[in-house]
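Notes for the structure review
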Amino acid sequence: MQAMTDIFRLPDELGRQLLARRKALGLSKSELAQRAGKVREVVYRLEAGEDSTVSSLLAVLGALGLALRLEPVGLPSAQEVARRFQMDDDQDGGDEP
């Protein structure tokens, strides 16, 4: 699992971290949604790395005791890109159509 200080470049990476944080706090999706003042569907979408609104993301982050911080970064390294493509292949079953 990635540390809370890691840089996330893709929504599913952020989603996995939100899920881990929610579980570490012992919250159900419904409880987190209630704390954030959002519907449970928002939590499902964010944890799955799907589209959501910025206000929903910020509300859920706040309910998890987290904040968003922006900082300049360069382009992903060749290793980061290769690792990401490998993860996608592993999840999709490799080279099969």
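Residues numbered from 1 in each chain as written. Predicted model: local features only at pLDDT ≥ 70, side-chain atom pairs only at ≥ 80, totals over all residues. Heavy atoms only, no water.

Turning next to the confidence of the model for the protein chain. When pLDDT is averaged along the protein chain, the result is 85; 85% of the residues meet or exceed 70. Considering each helix and strand of the protein chain separately, the mean pLDDT is smallest for helix α5 (residues 78–92), with a value of 73, and largest for helix α2 (residues 29–36), with 98. (pLDDT = per-residue confidence, 0-100. Helix = DSSP H or I, 4+ residues; strand = E, 2+ residues; numbered from the N terminus.)

By the burial criterion, the buried members of helix α4 (residues 54–63) are S56, L57, V60, L61 and A63. Down the axis, α4 shows its buried residues gathered within 165° of arc, on one side only. Contacts from the buried residues of α4 go to α1 (11–24), α2 and α3 (40–47). Trailing α4 by a residue or two, G65 shows a phi angle of about 75°, which is positive. (Buried < 20%, exposed > 50% of the residue type's maximum accessible area, 1.4 Å probe, protein only. Arc of directions from axis to C-beta. Contact = heavy atoms within 4.5 Å.)

Moving on to the environment of R40. Within the secondary structure, R40 sits in helix α3. Each C-alpha atom, one on R40 and one on S28, is 9.5 Å from the other, the two residues being twelve residues apart in sequence. Aside from chain neighbours lying at most four places away, what touches R40 is K29, S30 and A33.

A separate point is the environment of A59. Note on placement: A59 falls in helix α4. When the C-alpha positions of A59 and R35 are compared, they lie 8.6 Å apart, and in sequence the two are 24 residues distant. Here A59 is in contact with A36 and K38, once residues within four sequence places are set aside.

Inspection of α2 places L32, A33 and A36 among the buried residues, and these make up the whole buried set. Buried residues of α2, viewed axially, fall in a sector of 100°; they line one side. Opposite the buried face of α2, by more than 90 degrees, sit the exposed residues Q34 and R35. Check the buried side of α2 and you find it contacts α1, α3 and α4. In the stretch just after α2, G37 is the one whose phi turns positive, near 70°.

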